[in-house]
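Coordinate analysis (summary)
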Amino acid sequence: MNLHIFTQLNPSQKSAFAVVFVILLPPFFPNLFEPLNRASPSMFSEWNAPRPMHVTLLEGALQRQTSVELQTSLWSPLAFQGWKPCADRPHPPSLPEKSRGYIQVFLDGGLNQQKMGICDAVAVAKILNATLVIPHFEVNPVWQDSSSFADIFDVDHFIDVLRDEVSIVKDLPSDYSWSTREYYGTGIRATRIKTAPVQATADWYIENVLPVLQSYGIAAIAPFSHRLTFNNLPSDIQRLRCKVNFEALIFVSHIRELGKAIVHRLCHASSIKQGKKYPLETDKFGKQQSGKYVVLHLRFDKDMAAHSACDFGGGKAEKLALAKYRQVLWQGRVLNSQYTDEELRNQGRCPLTPEEIGLLLAALGFNNSTRLYLASHKVYGGEARLATLSKLFPLMEDKKSLVSTEELAKVTGKASLLAAVDYYVSMHSDIFISASPGNMHNALAAHRAYMNLKTIRPNMGLLGQLFQNKSIDWSEFQRAVLDGHKNRQGQIRLRKEKQSIYTYPAPDCMCRA
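These lines cover the structure that appears in this document, whether it is placed above or below. Just so it is clear, the model here is predicted, and its values are computed rather than measured.

1. Some thoughts on the environment of A420
Within the secondary structure, A420 sits in helix α22 (residues 415–427). Spatially, the C-alpha atom of A420 lies 9.3 Å from that of F153, the residues being 267 residues apart in sequence.

2. So, the packing of aromatic side chains
The tally for this structure, following the rule as stated, stands at 19 aromatic pairs. On the numbers, 6.5 Å between centres and 40 degrees between planes, the contact of F300 with Y380 is tilted. Here the residue F300 occupies a position in the loop between β10 (294–297) and α15 (302–308), and Y380 occupies one in the loop between β11 (372–374) and α19 (382–392), the gap between them amounting to 80 residues. In this structure, F300 and Y380 share a single accessibility class: buried. Taken together, the ring pairs in this structure connect Y102, F106, Y176, W178, Y183 and Y184 into an aromatic cluster. Here the basic side chain of R64 rests over the ring of F393, its NZ or CZ set 5.4 Å away from the ring centre. Positioned above the aromatic ring of F106 is the side chain of R181, whose terminal nitrogen or guanidinium carbon lies 5.0 Å from the ring centre.

3. What to know about the pairing of β10
Judged by which residues are buried, β10 turns out to be covered on both faces: V294 and L296 on one side and V295 and H297 on the other are all buried. Direction of pairing for β10 relative to β11: parallel, over a ladder of 3 bridges. Paired with L296 across the strands is L374, a residue of β11. Alignment of β10 against strand β13 (residues 431–434), held across 4 bridges, turns out to be parallel. Residue V295 lies in a different strand from β13, and its bridge partner there is F432.

4. What to know about helix α5 (residues 68–75)
Buried within α5 are the following residues: Q71, L74 and W75. Here the buried residues of α5 occupy an arc of 80 degrees about the axis, which is enough to place them on one side.

5. A few points about the sheet that holds β10
The strand order across the open sheet built from 5 strands is β12-β11-β10-β13-β14, with neighbouring strands paired in parallel fashion. Across the chains shown, the open sheet's two edge strands, defined by having one partner strand only, are β12 (396–397) and β14 (454–456).

6. Comments concerning the state of the cysteines
Linking two cysteines covalently through their sulfur atoms gives a disulfide. The full count for this structure, using the stated rule, is 3 disulfides. Here C86 is linked by a disulfide to C511, with a sulfur-sulfur distance of 1.9 Å. Residues C86 and C511 are joined through a disulfide that is right-handed, its torsion about the S-S bond being 100 degrees. Of the two residues, C86 is situated in the loop between β1 (83–85) and β2 (102–107) and C511 in strand β15 (residues 510–512); the sequence distance between them amounts to 425 residues. Here the bonded cysteines of the chain are numbered in sequence order, and their pairing is 1-6, 2-5, 3-4. Cysteine C119 remains unbridged, with the sulfur of C242 as its closest cysteine sulfur at 8.4 Å.

7. Overview of empty space enclosed by the protein
Across all of its chains, the model carries 3 cavities of 30 Å³ or more by this definition. Volume-wise, the largest cavity comes out at about 160 Å³. Together, 15 residues line the largest cavity, and A445, A449, G490, Q491 and R493 are the ones closest to its centre. Taken together, the residues that form the lining of the largest cavity break down as 8 nonpolar, 4 polar and 3 charged.

8. Points about the layout of surface pockets
A water-sized probe rolled over the atoms picks out the places where empty space is left. The computed volume of the second largest pocket comes to approximately 410 Å³. V133, I134, H136, K170 and D171 are, among the 20 residues lining the second largest pocket, the residues nearest its centre. For the lining of the second largest pocket, the element with the most residues is β2, which contributes 3 residues. Within the lining of the second largest pocket, the residues separate by chemical class into 11 nonpolar, 6 polar and 3 charged.

Cut-offs applied
- Residues numbered from 1 in each chain as written.
- Predicted model: local features only at pLDDT ≥ 70, side-chain atom pairs only at ≥ 80, totals over all residues.
- Heavy atoms only, no water.
- Helix = DSSP H or I, 4+ residues; strand = E, 2+ residues; numbered from the N terminus.
- Phe/Tyr/Trp six-rings, centres within 6.5 Å; stacked < 30°, edge-to-face > 60°.
- Buried < 20%, exposed > 50% of the residue type's maximum accessible area, 1.4 Å probe, protein only.
- Lys NZ or Arg CZ within 6 Å of the ring centre and 35° of its normal.
- Pairing = 2+ DSSP bridges.
- Arc of directions from axis to C-beta.
- Disulfide = S-S within 2.5 Å.
- 1 Å grid on protein atoms, 1.4 Å probe; cavity = no way out; pocket = protein on both sides within 12 Å on 5 of 7 lines; lining within 4 Å.
- Points joined across faces, edges and corners; volume = space filled by probe spheres on them.
- Nonpolar A, V, L, I, M, F, W, Y, C, P; charged D, E, K, R; others polar.

Okay, here's the thing in structure tokens:
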């Protein structure tokens, strides 16, 4: 192909041409790739195991001494803030005499996106005086998880808690059995609503969906994620969303039982792990933390690392691998890539590496006897990337280290079920911290605020600046971290206009005590 013509192709056309080039040319030119075959394997490794990026801080953290006062303050429960849950409406709810028809929704995304969609679906059914069919979950395109609503959530509990608020059915009656996901995937259907705008108002549903219900007795809304506004809704609709989120949605029994087993083992484990006895700083610190544990949601997967366009210490091989991954997934449409690593860190836009979150935890006062539960999907870089965090916190556990293969059998390979187990363990922890913002962080921060539980929010902008200061010593770093996180430990933040009710539960889901 003429080089000039090739340069005029769009990214997808270039990618297609490259695939054809790689697949078809070798049979005709067998020696073409011989230099590559002779190359060193390390030359094309995904990444080189990174050395610690913050050596001076790491040395200080490994030698840290934590005062009794800091330990006591760190592990003490969150003080009562004058707010209490109030998801129930002030007046007893009542169902309409007659339903206007059936509402179906098709939900995508991971566990926490699905939860938000369910809450919104119940609210829309209430707005329209319609009967909600248990939502259908799409197969997750990233994790290929085919788990259904009933695989994750207790359907009977869900229906029972909401029975006085909204009519809900597990399946459509036989007259409407034709209304399936497959039916809507094979053509344009009058009963499918595809035009629901993001943050649609209650009036939009009344004007656009109600006529379909009245004409056909059923309406299927897809896509549905984020299709209901957070503003200008009646207080009873907002309270209903809260009731769904915090009361109606509980996990199926085997997820709860597995979660309970993990919590029990975290609270009653000895200091012996995998045959090795790890020293505790002093007995009194050990007693201070007896039965306590902190959950770390280490959100550091390949997608997150690539999309951030930051440098994570893996050298040239890692930079090239992440750049290639960005190009394949987003065709270069990553706005962060226009900034330097320094600029991104100053803006707090770089996810914390396992090493950096370990240094943060150490600076906050967590010592080497802390029981740390790792709640996360696959970590980019695997065990090598976790090595520094393991040095700082040798009593680090996860699902695989605490339960047997047989106990994990029902959830293995199911991303949503594994996330549900982590969610349960996180909700029962003394402290929860997430390495970077995201759906899991937002959902748990909201739920724990609703229950007045301690949740530490990393100050990403401050940390980005501190980690760039290569001359900072441990004592200065720790002082800055402690000062910058005094009011980031679960304090109630009132929801502002356009903010999510699923991230900020007050004042919609909570009342002044």
